[in-house]
Each structure stands twice: as structure tokens, then as C-alpha cells.
Amino acid sequence: SALRLRLSGLCFLLQILNILLFAAFVRYSPESSPGQCPPQLNCSQRNQDSRFQQPRFQDVHIQVLLSFGLLLAFLGRYGPGSAAICILIVAFAIQWAVLIQGIFYFFLNGKIYVGAQSMVSADFCTAAVLISTGAVLGRVNPVQMLLLALLEVTLCTLNEYILLRLMGVSDSGRSLTVHTFGAYFGLMVSRVLYQPHKDKRKREERQDVRHQADVFAVVGTLYLWIFWPSFTSATTVHKNAENWAVLNTYFSLVASTVATFILSPVLYEESTPRMVQIQDATLAGMAVMGMAGEMLVTPFGALIAGFLVGLISPLGFRFFTPVLHSRLKIQDTCGVHNIHGLPGILGALLGTLLTLLATADTYGDRLELVFPLVAQGSRTVTDQAFIQLGALPLTLLLATLGGSLTG
Amino acid sequence: SALRLRLSGLCFLLQILNILLFAAFVRYSPESSPGQCPPQLNCSQRNQDSRFQQPRFQDVHIQVLLSFGLLLAFLGRYGPGSAAICILIVAFAIQWAVLIQGIFYFFLNGKIYVGAQSMVSADFCTAAVLISTGAVLGRVNPVQMLLLALLEVTLCTLNEYILLRLMGVSDSGRSLTVHTFGAYFGLMVSRVLYQPHKDKRKREERQDVRHQADVFAVVGTLYLWIFWPSFTSATTVHKNAENWAVLNTYFSLVASTVATFILSPVLYEESTPRMVQIQDATLAGMAVMGMAGEMLVTPFGALIAGFLVGLISPLGFRFFTPVLHSRLKIQDTCGVHNIHGLPGILGALLGTLLTLLATADTYGDRLELVFPLVAQGSRTVTDQAFIQLGALPLTLLLATLGGSLTG
Amino acid sequence: SALRLRLSGLCFLLQILNILLFAAFVRYSPESSPGQCPPQLNCSQRNQDSRFQQPRFQDVHIQVLLSFGLLLAFLGRYGPGSAAICILIVAFAIQWAVLIQGIFYFFLNGKIYVGAQSMVSADFCTAAVLISTGAVLGRVNPVQMLLLALLEVTLCTLNEYILLRLMGVSDSGRSLTVHTFGAYFGLMVSRVLYQPHKDKRKREERQDVRHQADVFAVVGTLYLWIFWPSFTSATTVHKNAENWAVLNTYFSLVASTVATFILSPVLYEESTPRMVQIQDATLAGMAVMGMAGEMLVTPFGALIAGFLVGLISPLGFRFFTPVLHSRLKIQDTCGVHNIHGLPGILGALLGTLLTLLATADTYGDRLELVFPLVAQGSRTVTDQAFIQLGALPLTLLLATLGGSLTG
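Thresholds, definitions, all that
Residues numbered from 1 in each chain as written. Chains lettered and ligands numbered in written order. Predicted model: local features only at pLDDT ≥ 70, side-chain atom pairs only at ≥ 80, totals over all residues. Heavy atoms only, no water. Helix = DSSP H or I, 4+ residues; strand = E, 2+ residues; numbered from the N terminus. Polar contact = N/O pair within 3.5 Å; in protein donor to acceptor, adjacent residues only side chain to side chain. Contact = heavy atoms within 4.5 Å. Core = buried A, V, L, I, M, F, W, Y, C linked by side-chain atoms within 4.5 Å. Buried < 20%, exposed > 50% of the residue type's maximum accessible area, 1.4 Å probe, protein only. Expected span 1.5 Å × (residues − 1). pLDDT = per-residue confidence, 0-100. Pairing = 2+ DSSP bridges. Axes fitted to C-alpha atoms, helices over the stretch in contact; angles between N-to-C directions.

**Observations regarding the side chain of S132 of chain B**
Residue and element names in this part refer to chain B.
Part 1: For S132, the location among the structural elements is in helix α6 (residues 116-136).
Part 2: In terms of polar contacts, S132 uses its side chain to reach the backbone carbonyl oxygen of G182, at 2.7 Å.
Part 3: If sequence neighbours within four positions are ignored, S132 has contacts with L148, E152, G182, F185 and G186.

This is the structure in C-alpha cells:
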């Protein structure tokens, strides 16, 4: 009862705070009404400088809901009991991310100018928060989750700003900034909040919702297949590069799904994998294509990457998660380490490798779109690859530090 | 058994009637093959005169299914038993609305010329019918529902024609013509058909489907988040105005969702709200942005409006619905008064206020898109506000009269 | 257990085979990076020659998942137990279809050049495989299903190549190449694998999942209403023809839905049809519009076609399926003959009739889009109609031969 009122009060305070901050700082971007763009904002210039580009607005209404794919995925694994809390996290994190991202990217003359792009960026951030939530689901109360969202949005934006804007890393599908950051942030929070006795009760509860969870797993898997490939390419709107990113993502998830059917009969006693395992394979196959999606120039590369990650993810569940639990005292409710963490790291390594192999010959006109700094001549391919690689430990460091602090 | 055959016979008659009327009157619009437009139809002229504009066709296949979001919402509250009837209502109402709307808007030389726009208009009408259905669900047999649809489509189109075409009211997201009209029409039908003894049985049945209803509520809420904001802006295709309408709707529903988490722990004994309550908040947050969505020029306005309506809607369920039932003898199965009626009225009042505050400075180029008559100088802002306000009692009057008549 | 490992091994072999074949032959099409198109590929020329046209890429991510509508439909009828297997079939068949279709359509200098169009074509093929799967679901083990997919993709592509490319048949919504071919292929496999004792057990199992199946049927029906009309017009991207194909499909499925409400109270003891019956009517109403969708020039034609097929499909379930079972020893688990087979044949006959009636007057500019060879004067309307009609027995022949062979 005290918790009930505390949650109610915290929601009230945070919402009032959001409204006041929005009233003080946030305005609609004049970019969206082209006739009025003040010269200081450099409207046309800014779009070309940055990797961020105005997405076709009609697609935003779909792209914005990236997070809900994750939400459905967690419902498939954890059951509908947590749906209400997850939606609260999403509703709060989107507002907060619009504010924080606005300060980093869209701040001018004391005002934050928001537009369709802000919504898409905010939703990438919300997705990272939701991945972290997946690691601690069931062991953290709603009030703690709101505070986690509050802190993680800030750190996630900081990490994204350093990687994408300052270092010029190419990570259009967010292998690093969303999947890896979110997973390790959540795992560290889980480590700090370790409570051994909570585990057993949850497992029993989960058996009850097993039947219903299958429904969510089917719906979630279909949702991911249908919408995720276009999420992955949400920030790669240039016609050609997007094309390949979407196709690579499809090939990767197809191979990853088949891989699940190879391993799970061997690892478990079941003849066919359960729907949640297929869903996990789908997520892993997408996470690995996050950075490499627009860099791969041959379809079989995507097939191999998806196939390998589809083999690694069930192996992780079988052998690595128990080790994580018993040795490192990290509980991972929804297995985010195997679904987002490892595939994200593999995706980043693959991206680094592909950057090293990138030549003007194989990329053609696409070079300028995927690696603008290389195409302009201000960086060599090796420099870019080194920076891409360096982004990985930096993300891991920020995620673990942030997670410990939050915990 | 008699009812079974009567339903079967009525469906047969109505479908044959529809086919005959379509055969006699409905042709594909030459507008959709631009080379053939006869001069009498004034193809290019008409598009600029009216608030209706040819939507991008590729989006229509999504926009047309507005009604299904509502359908899923009602399944979340009432259970899947009524799904078949609701789909029948949708299937019949769409055909009938194409006919009736065609007579008002697309009639020429004894023929109705339909196109993608007809489908979108027809679906708005179907949505109003579905809202009314929500008020009487479980207490009216399918035959009565078909007759209700038959009458309401006609009256709803009349109301829409008077408001949008004759009075020049700006109501792009249909706060008035869909949400308010549909809700009060349904409530009046419910009043006339009041049967006190039917209530208890329903409540028990609903307990049975509680578990399954949660699945529908989760799926329905996600559907609304993903697709509704683009529905709200279906008729505001001008690039900039649409932009803000979608963003305003997102901000409104986010704030409304958080508001549910503030009130429901206080009003009920539960620590977190049930999914149907979150779904109701989502619907209310969208209904309030119907008229005001494209008028709001600051994001915090949408946050405040969504926040307030998110507080009012659960209060309505807790305190107003029992009063409605005991004093006014109106049973409201799915609570459409709190979800659509009140938010619609508040949205209309907010729209009036915003119209009063509209100046060429804040709106810029958008003035012509949102208030074409004001921009052309044929009306002052005060006149427009007065007309917007006047549309509210007119809609209420038509809805209550029509509902009583139908009942 | 032996089956488990055999499935695992077969998946492994097939996936490695796919990866090797992709590595050897498949490259991204230079068409998608226009600057690089080698002159031998005739990039611009080819697009105009063929009926295949580059779809707007932003829509492909939705169009690709055609198969999943079918998947949800079968879950509604059969239950979620088979979901995992169906997804495996989809994941394998898409890769295989990209290869096989690539050999027929996109082969040049020893390489297959894939792009967004390959994905859409591959998914049409996968849909045919899934329809066949629906006929044998529950009586065939996963290993057999994979082999079925392997063979059917090849034969389906051959059939499609003969019909669309060599004979110049107009079948944009694939009444023949997907619905009819898939249904009769599956029925023949089912005939050859006839095992009388397997039937009873299945029926009992299905009763258990009845409740859950309703959820899938509701979600599946909504999915079909929302996305299928745009699938049907996936390959008719010319602005005007698409327009009518989508509207015709909507009118057809609306009428077909109402027809279900007329017949099912008469045929069965229930007052309203079950959700799976409505879903079947939706599928049948779409299958009949496959070929005729872009040919119909009046909306009432679509209403009549949908109405008739909506009456025939439940009659088929009531009277024809038992005959099929007892006399012809064909078991049809999901009733694909009534949902896809018959409506597909009727659609082809309707298409032939409409081709006969096609004149330059009624079609105007659309003639060139729908019947390019007629518009160019190299064929008369009667020739075209004869060829359209001839495609029907050819498809049936290939489907039955292929099915027997596979069985």
C-alpha cells in the first residue's frame, strides 16, 4: 500500500516535472515548416553534416514503436503481468528522452526544437531502457524501474552522443548504443541488486503463464519479422544503403531461425524449439545486423552472421546463463545477455572487420553514405575501423559504470 | 432459432440491397485516372475547396482499418464473444457508408464516384458506429445492431456534412464527428433500451473471459499506439500540419498513460492499473487530440491536455458511470462516455480555445492549412472559434435525437 | 529422438547448402545502386518489359510478410502447436525461393542479382508452400515438410515462369500461381500420404486449443483485413491500377464476410459464425480477387464476386470436404480447398471473362498496365482471354503432378 502511493506520487511528480520542462524549453522545430527556418539553425546544413536525417514522415509512426517489439518479446518470455509496468516505463522514457536528446542534439538559444527525428531518437533510447528492464524484470519494483529509466536515458544519450557525433562511428542499426549498452547496463544493475531467494518463486509463476506466453511469443515473433528490419534501417534513409540493410537483416534472421532448429533438439529434449526460443533467435539475428547491416555487400555474409549468432544464442542460454548466475551472481530474467549483449558485441566486431575491408570499389556511391568521413578523405579506412573497434570497450565501460551506479 | 434465421435473412436482404445500389449508382472515380477527369467534376478544384484531400494511396490500406483498433479495444474490455458481431457491423457499415457518404460528397449526374478517399471517409463513419456499439454491447441482439448501424451511418454522415462542409469547422481528427457523436448516440440508444435485469449476468460472464481479455488489451493497446496517431492525421496530409498532429497525439497519449498510473492506485486497491485501464487512457488521450491535434503549436500543450484527460477518464469510471447507471438509467457496457464522450467534448472545447488564440504569427504558413477560411480573410478568428464552439451542441443534439429515435 | 536428430541434421545440411550457394552465386543487384548498372543487365529496359516492377521500397518490409497472414490464419484453425514448424518452413523456403527464382529471373553471367523485388517474389512462393502445408498439417513430420518445401518452391517457380513470363498471363494477385497451385499441390500430397487412422486423434487435440485458437483467429482476421489488400496489389505498382485492385479486394472481402453470416446460421446450429469461419471467408474473398482485382472496373462486380465466393466456401466445408475425405481419400486439415483452391479457380474464370469484356473504352490508360501485350496490338482480347483460360488447366496439371511426385 505504501508502495502503491509512492508509485502514484512519483508518477505525478515526474509528469509535472516533464510538463514544466517541456513548457520551458521544448518547441516544435521550425525545420518542419521549411519557410520559417531561422538562419542560425542552419537547417539544410545540419541535415547533411550529421548522420541523422529527416526520415520520411509517413514511416515514423511505425518506426517510433520499436520498443513495442521488445515489449512483446519480453511478454513472450515473462508473461503479461509486467505489461502495465513496461508501458509506464515506455511512456515516461519517451518524454524524458525527448528532453535529454534535445539538449544534446537540438538545443539552440535556450530552446529544444523537436520534430519527427526527435521521436525516433527518443525511441531508440527507450528501447535500450527496455532491454535493461528485461534483465531485472520481476526483481525490481516499479518505483526503482522509473529511477532506472531516469538515469539510463541520460547515460544512453551521452554514450550515443560520444559515439555517433564525436567519434563518427557508423552504427546505424544501433548494435552498440542500444543492444550492447542496454544489455550490460541491465546486467550490472541486476548484479548490484542480487537477491538469491527471489529466484525460485518467479520460476513457478512463469509456469502458470506458459500457455498465454506462447500466444505473445507468436505475435511478438511476427511483429519483429514484419517491422524490425525497417527499424534497423530507420536512420539509413538514403535509398540504396537502406535497401541492403533491410535485405541483410532479413537474411540474417532467416538463417538465425534455422540455426535454432538445429541446436535446440540437441540441447533440450524437445523435438521442435519453443516459440520463445525462435523469438530469441529472431532478436539475436537482428542485433548482430545492427552495425554491419549497411556495410555488408554480399547476402551470404548476412546468412553466415545470422547462422553463427543463431547457434551462439541457445548455447549461451544453456551454458553461459547458469555460470552467470552461480559465479557472477547476475540474474538475467529474460536472458538479455544472450539475445542482445553477445549479438551486439559480435555485430560490432563484424562491423569493424567490414570497415577494414571497405574499399571504394565494392562500395561505389554507397561509401559516402556509410562512411562519410572516409569518403571525404579526412580518415583512412583503418582509422575508421580502429574507431569502430574502440567504441566497443567505451560502450561496455559506460554501461557497466552506469549500471553499478544506478544499482 | 428464429433469431438465427432472422439475422441470416436480414444479412441477405441488406447485402442484395447493397449490391443493387452499388450496381445502379457506384462507379470508380475518374479522379483516380487523372487523364479522364470530365470537366463537370472539377477534379483539381474540388480537392482544394474541401478539407478532404487525396491521401497518399500507399497509406490508405492502413488508415482504412481505423475501426479495428476500436474493435480490439472493445474485445479487451468485453471479451472475444462479440468479435464476430462487431466484424459483421464493420463489413456492413463500410458498404453502407460508401453509399451514404457518396450521396453527400461524390454525387454527380446520378452516379457516385468512389475512390481511396471514399474508403477513408466510410471508415471514419464505421468507427462512430463501433463506438455506439460499445455502449450497448451485450444488451442488443445482432439484428438490432444492424438496424442501429443502418440509421447511425446516415445521421453521422449528415452531421459530418453540416459541420465540415457547410459550417467549415476544423475537426481533422474527428473529436466531434466520430468520438462525441458516436458516444452520445450509443448512450441514448442504451437509455431507451434500458433493461435493469440484464446487467448482473453480463458482469459474471465478463469475469470468465478476464484472462483472455488481458491478451486482447495488450494487443489492442499496442495497435492503438502504433497506428492511431496516423489515423488522427489521416485527413491532414499537408506535410507540415500532419507532422505536428502526429507528434501532439503521441505526447498526449504518453501523458495520459502516466496519469492512469497516478490515479488508479488511489481509486482502486491494485498496485498497478489493469491493461484495460491503460488502453482506455490511450483511447482518451487520442480522442482529446482529435480536433486540437493540428492546432497545438507547443508540445507541452499536448502533454497537459493528455494528462488532464488521463486523470478525468478513470474518475469518470469510478464516480460518473455509477451515477449514469442509477440516476439516468443509462448502461454503458464499455464505458464509451469516459473514453470517447467526455474526451471528445474536452477536445472540442480545447480546439475552440486554440482557435481563439490562433494568429498568423504563431501559425505561419500552417494557418492556410488548418483554417483555410481564416487565411483567405473571409472569416475572423473569433468567428471561426464561435463556429467551432457551436458545432459541439449541434453534434450533441443530433446524436441524442438520433439515438432516441433509433432506440 | 531419431526424428529430432534427423530434423536437426537436415536443417544443418540445408542451411550450409544455402550459404554455399549464396556465396557462389548471389550478389546484390547493381540495379539498387543505379549509378553502377552494367549495360548487359538492361536495367531500365527490363523493368518496362516485364510485368514485374520495382515496388516502392518502403512498402516492401510489409509486403514481404505475406506468408505470415496465412500462418496466423492456420494457427486460428489448427492451434499454436504448429507455429514453430511453420516458421521453419518460411525461413527455409524464403532462402530457397530467392535462389530458384533468381535462376529464372535474375541470372546473368553466372551470378544471381537480388534486390527488393527478389524478396517479394520469394515470399509469393513461400505463401504457396504454406498453403500446401495447411492441407497436410498434423499428418506430416517436419523433415517431410522441409522436403515438400524444397520441391514445391522449384515447381511453383517453374509454373510462375511459364505463366507470367512465357505466356504473358495477367495474374497480379496470384489467384493461379499462389492460391490454386498451392491448394492442389497440397491436396495431392495429402492424397498420396493418406493415413485413415490419424484423423481422430487430431480432432480431439483441436478441441483443447479451441479457446486459444479464437484469439489467433481474431488477430489473424484483423491482420488479413489490414495488410492483404496491399499484398494483392504488390506487383501492380502503377498508381491507378493499384488503386482499383485494393478497393476491389476490400469490397470483395466485405461482401464475403456478410455472406458467411447468411449461410452459417443455416448450415450449423450456431447463431453467429465462429471466428475461424469469418477468417476463411476473408481469405476466400481475397483469393477470388487475385487475378480479377485489377481488371474489374465497377465496385459492384467485386461485391458480387465476394458474395458468391463467401456463399460457396462454407457450402464447400459442409458438403464437399466430407466427400473429398470419404470418396477421394484426401484429408484437408485446414480446408485449403475451400479457402484457396475453389476461390482461386473462380477468380481465374472471372479474370478470363473480364479479359473477354475488356475494351479500350472502359480501361482507358489502364489497358496498357493490365494487358500490355493487348495494348501494344500484338494480341487481341480474345487471344489474351484464351491464354488466361489455358493457364488454369496448366496450373492444375503442374500442381497435381508435382504433388503426386512429392508425396
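Once the structure has been displayed, the description carries forward.
**What to know about the environment of L13 of chain C**
Part 1: Its location among the elements puts L13 of chain C in helix α1 (residues 2-25).
Part 2: Distance in space between the C-alpha atoms of L13 of chain C and T333 of chain C is 29 Å, their sequence separation being 320 residues.

**Comments concerning the nonpolar core**
Part 1: Membership of the largest hydrophobic core comes to 359 residues, with the highest contact counts inside it found for L146 and F251 of chain A, L146 and F251 of chain B together with L146 and F251 of chain C.
Part 2: Ignoring sequence-local partners within four residues, the contact set of L146 of chain A consists of L7, L10, C11, L14, L88, I89 and F92 of chain A.
Part 3: Counting residues in each nonpolar core, the second largest holds nine residues, with Y223 of chain A, Y223 and F227 of chain B together with F227 of chain C among its members.

**Quick notes on helix α19 (residues 381-406) of chain B**
All names here are of chain B.
Part 1: The end-to-end C-alpha distance of α19, which contains 26 residues, comes to 37 Å, matching closely the 38 Å that a straight helix rising 1.5 Å per residue would cover.
Part 2: Taken residue by residue, α19 has Q384, A385, Q388, A391, L392, T395, L398, A399, G402, G403 and T406 as its buried positions.
Part 3: In the core, the buried residues of α19 are packed alongside α7 (142-166), α8 (175-192), α13 (289-292), α15 (336-357) and α18 (372-375).

**Structural notes on the confidence of the model for chain A**
Residue and element names in this part refer to chain A.
Part 1: Summarising the model, chain A shows a mean pLDDT of 74, and 76% of its residues fall at 70 or more.
Part 2: By mean pLDDT, helix α2 (residues 43-49) is the weakest element of chain A at 36, and helix α7 (residues 142-166) is the strongest at 85.
Part 3: Throughout residues 199-208 the model reports pLDDT below 50, and contacts reaching past four residues in sequence, or to other chains, amount to seven contacts.
Part 4: Confidence metrics for the complex model read pTM 0.81 and ipTM 0.80.

**Focus on the sheet that holds strand β2 (residues 107-108) of chain A**
All names here are of chain A.
Part 1: Sheet architecture is open: three strands sit in the order β1-β3-β2, paired in mixed fashion. Two strands in the sheet have a free side with no partner beyond their single neighbour: β1 (26-28) and β2.
Part 2: Relative to strand β3 (residues 111-114), β2 is paired through two bridges, and the arrangement is antiparallel. Paired with L108 across the strands is K111, a residue of β3.
Part 3: Lying on the sheet, helix α1 (residues 2-25) is in contact with β1 and β3; it crosses β1 at an angle near 60°.

**Quick word on the sheet that holds strand β1 (residues 26-28) of chain B**
All names here are of chain B.
Part 1: Pairing in this open sheet of three strands is mixed, and the strands run β1-β3-β2 from one edge to the other. The open sheet has two edge strands with one neighbour each: β1 and β2 (107-108).
Part 2: Relative to strand β3 (residues 111-114), β1 is paired through three bridges, and the arrangement is parallel. For R27, the partnering residue across the bridge sits in β3 and is Y113.
Part 3: Relative to the sheet, helix α1 (residues 2-25) contacts β1 and β3, its axis offset from that of β1 by approximately 60°.
Part 4: Packing against the sheet, helix α5 (residues 83-105) makes contact with β1, β2 and β3, and its axis sits at approximately 105° to β3.

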